[in-house]
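Summary of the model geometry
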Amino acid sequence: RYLRRRIPNESSALDASGHRSQKGSLDASHYKVPKWLEKSRSPADKETVKTPDSTSPKLVIIEGKDKGKVITIEPGTTVFGRTKGDVILQDPRVSRSHVALNYDERSGKLSYTDLKSLNGTLVNGNLVETGVLVDGDRLQIGNSLFDCQLSPATEIAEIPEKPLSLLNENSEEPLQKPLEQAPPTFVEESPEPRESQSLFMALSPSTRRRLLISGIALGMLYFVLPGTRSSTDFEREVTSVHQLERDGKIDEAILKAESLSKEYSREAELQLTLGSLYAIQKRYEPALVAYRKAKELQPENPLATVRLVLINLRAGLGKEAEKHLQDLDTFMREGVRSREFFIEAANLFLEFRSLTQSPEKALILSRALQNDVASDSTIGFKLEAQLLFQQNQNEEALKVIEKGMKRDPQDEWLFENLAFAKLSLKDTSGATETIESWIQAHPRTTKAYLVLAYLKYNEKNFLGALPALQKIVQIGNERAGDPHVGEALNLMGQIYTQQGQSAEAKNLFTEACSKGFTAACAPPEEPPKK
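These figures come from a predicted structure and were not determined experimentally.

**Here we look at the layout of surface pockets**
Reported here for the largest pocket is a volume of approximately 1200 Å³. Lining of the largest pocket is provided by 46 residues; of these, Ser95, Lys116, Ser117, Leu118 and Glu340 occupy positions nearest its centre. Of all the elements in the fold, those that place two or more residues in the lining of the largest pocket are helix H5 (231-246), helix H7 (268-280), helix H9 (302-314), helix H11 (339-351) and helix H12 (359-373). Counting residues per element, the lining of the largest pocket draws most heavily on H5, which supplies seven residues. Across the lining of the largest pocket, the residue classes tally to 15 nonpolar, 13 polar and 18 charged.

Given below as structure tokens:
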């Protein structure tokens with residue numbers, strides 16, 4: 001520790017020849033520990049100390065574009081990403097901010113947290129959002145595979161566990177061999193003040209003026225020219241679009257997304273968002289354009305593929321959908337570990353049941369969703385129940401749905417299909433009880449009232465069906481565009497027809513037809529009079 005200090009003028013030490021040392025000079029004889037004192041230190045006084053360079057964990061890329069590269073993880077948080085982070089990976093399957101690694105120097109633990117990435121973070125082949133890495137783990141981010149090296153070599157340094165004493169351990173007397181020469185006393189020398197001058201103020205007035213004008217102009221260009229704003233600005237803007245969507249302001253969200261797409265024309269994420277907004281309004285043509293552009297920007301993006309299949313099928317473009325179905329099958333065979341991709345693929349199979357041509361493959365997907373990929377969601381239970389319904393295994397489907405209800409007791413799909421399963425098993429009272437629980441959980445859901453009305457109608461309980469149908473019409477008057485109002489009016493017309501009230505029935509059929517329920521445009525004939 002003495003080597004870090006200087007010798008001031010007034011306290012200069014004498015060298016071996018008796019001459020005064022120069023300011024700041026050091027004589028090794030003044031600081032060398034005598035051999036007899038060195039021998040007095042026991043082996044127990046030594047401990048192993050890890051130097052900073054040797055203790056820092058290292059990630060070695062063993063597969064990927066940067067194979068062979070070694071990344072040293074410093075204490076604190078290190079973010080890996082494609083465009084934003086401390087470590088940038090040029091990989092299309094890596095998200096903008098993909099995963100954060102946190103190294104605690106005290107405990108020596110290296111933990112990781114997936115930052116809601118598209119393709120997820122794999123450790124030893126398993127998709128886990130957060131955890132602790134150990135030596136030898138294989139961390140996969142996109143196409144890059146890292147070998148985790150957390151057990152580096154250590155360096156040995158001799159450090160006493162207690163301060164060295166000049167007294168003998170068994171006596172209070174000083175050790176017989178005194179120090180050859182007492183070390184001098186040193187004090188640190190204060191640095192001399194230095195005059196400093198601002199580089200900007202040293203310039204001429206005209207030069208300073210030109211620099212200020214240039215800075216203002218560049219600042220204005222930052223907000224005017226496309227592509228000059230930061231990734232943080234982009235993420236904030238996209239978040240505001242999603243907030244408008246959640247608030248039900250779809251038109252405003254589309255206008256904002258369209259404006260952003262001109263500025264960020266190379267962002268696939270924005271095109272996916274824009275396509276989803278068009279799809280909500282059933283504007284399939286612009287949705288297809290947006291999804292196609294997203295796939296052009298990121299050919300390996302599985303979400304663009306699954307959404308292209310969905311919109312093409314909704315638009316009746318079966319041949320176009322088949323092309324993308326091949327890519328979808330490829331993604332599933334390659335084992336793309338993306339929670340969002342698997343969930344959207346499962347929802348696709350739920351909406352278009354004819355796609356599940358391979359029940360075994362769909363069953364594997366449903367089990368993966370239940371146990372691993374989306375264990376906190378009910379989507380895996382829904383997909384398995386639908387497969388069982390298709391195979392007429394209604395009792396088994398009922399058991400799967402009940403398991404799903406334990407995961408989410410408020411899920412409307414599960415309510416509806418639980419009622420259907422009970423009806424198929426001739427449990428009418430159980431079905432009625434399920435529908436009433438559904439209405440209690442979702443009192444503004446017109447589909448639940450419609451299912452209850454059909455159940456009463458099939459039992460010839462017309463008076464029991466009418467209150468549920470009137471409730472649907474009431475909700476439809478308060479909330480424009482409800483899809484079940486037309487069908488409810490048609491069913492009311494059929495009830496009035498059965499009761500021989502043809503004039504009232506005709507008015508109800510006309511109104512149902514105007515609401516878009518085409519079956520009401522050709523009402524049934526009146527029953528013959530007795």
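Still more to cover.
**Regarding the nonpolar core**
Residues Phe341, Leu369 and Leu469 are the most contacted members of the largest nonpolar core, which totals 92 residues. Setting aside its immediate chain neighbours within four residues, Leu369 contacts Phe342, Ile343, Ala346, Ala374, Ser375, Ile379 and Gly380.

**Looking at the side chain of Gln386**
Of note, Gln386 is situated in helix H13 (residues 379-390). If near-sequence neighbours (up to four positions away) are discounted, Gln386 is found in contact with Phe349, Leu350, Arg353 and Trp413.

**Considerations on the sheet that holds strand S6 (residues 99-104)**
Strand order in the open sheet made by the five strands is S5-S4-S6-S7-S10, with mixed pairing throughout. In the strand order of this sheet, the two ends are held by strand S5 (87-88) and strand S10 (130-133), each with one partner. Pairing of strand S4 (residues 76-81) with S6 involves five bridges; the strand directions are antiparallel. Bridge pairing in S6 places Val79 opposite Ala100.

**A short note on the packing of aromatic side chains**
Within this structure, the stated rule accounts for five aromatic pairs. Ring geometry for Phe80 and Phe146: centres 5.8 Å apart, planes at 80 degrees, overall edge-to-face. Residue Phe80 is found in strand S4, and its partner Phe146 is found in strand S12 (residues 144-149); the two are separated by 66 residues along the sequence. The same class applies to Phe80 and to Phe146, which are both buried. Here the aromatic rings of Phe389 and Phe420 are separated by 5.3 Å at their centres, their planes lie at 75 degrees, and the arrangement is edge-to-face. Of this pair, Phe389 sits in helix H13 while Phe420 sits in helix H15 (residues 412-424), and the two are 31 residues apart along the sequence. Look at Phe420 and you get partly exposed, because its relative accessible area is 44%.

**Observations regarding the sheet that holds strand S11 (residues 138-141)**
The six strands are arranged S3-S2-S12-S11-S8-S9 in an open sheet whose pairing can be described as antiparallel. The open sheet has two edge strands, strand S3 (70-72) and strand S9 (126-127), and neither has a second partner. Relative to S12, strand S2 (residues 58-63) runs antiparallel, the two being bridged by five bridges. When the bridges of S12 are listed, Glu63 appears paired with Leu145.

**Some thoughts on unusual backbone geometry**
At Asn124, a residue that is not glycine, the phi angle is positive and equals roughly 55 degrees. When you line up the elements, Asn124 lands in the loop between strand S8 (121-123) and S9. One non-glycine residue, Asn392, adopts positive backbone phi at about 60 degrees. As for its placement among the helices and strands, Asn392 is situated in the loop between H13 and helix H14 (394-407). Relative accessible area serves as the criterion here: at 65%, Asn392 is assigned to the exposed category.

**Structural notes on the confidence of the model for the chain**
Across the chain, pLDDT averages 78, with 74% of residues at or above 70. In the model, residues 1-52 has pLDDT below 50 throughout and makes 70 contacts with residues more than four positions away in sequence or in other chains. Across residues 153-197 the pLDDT falls below 50, and counting only partners more than four positions away or on other chains, this stretch makes 52 contacts in the model.

Reading guide: rules and limits
- Residues numbered from 1 in each chain as written.
- Predicted model: local features only at pLDDT ≥ 70, side-chain atom pairs only at ≥ 80, totals over all residues.
- Heavy atoms only, no water.
- 1 Å grid on protein atoms, 1.4 Å probe; cavity = no way out; pocket = protein on both sides within 12 Å on 5 of 7 lines; lining within 4 Å.
- Points joined across faces, edges and corners; volume = space filled by probe spheres on them.
- Helix = DSSP H or I, 4+ residues; strand = E, 2+ residues; numbered from the N terminus.
- Nonpolar A, V, L, I, M, F, W, Y, C, P; charged D, E, K, R; others polar.
- Core = buried A, V, L, I, M, F, W, Y, C linked by side-chain atoms within 4.5 Å.
- Buried < 20%, exposed > 50% of the residue type's maximum accessible area, 1.4 Å probe, protein only.
- Contact = heavy atoms within 4.5 Å.
- Pairing = 2+ DSSP bridges.
- Phe/Tyr/Trp six-rings, centres within 6.5 Å; stacked < 30°, edge-to-face > 60°.
- pLDDT = per-residue confidence, 0-100.

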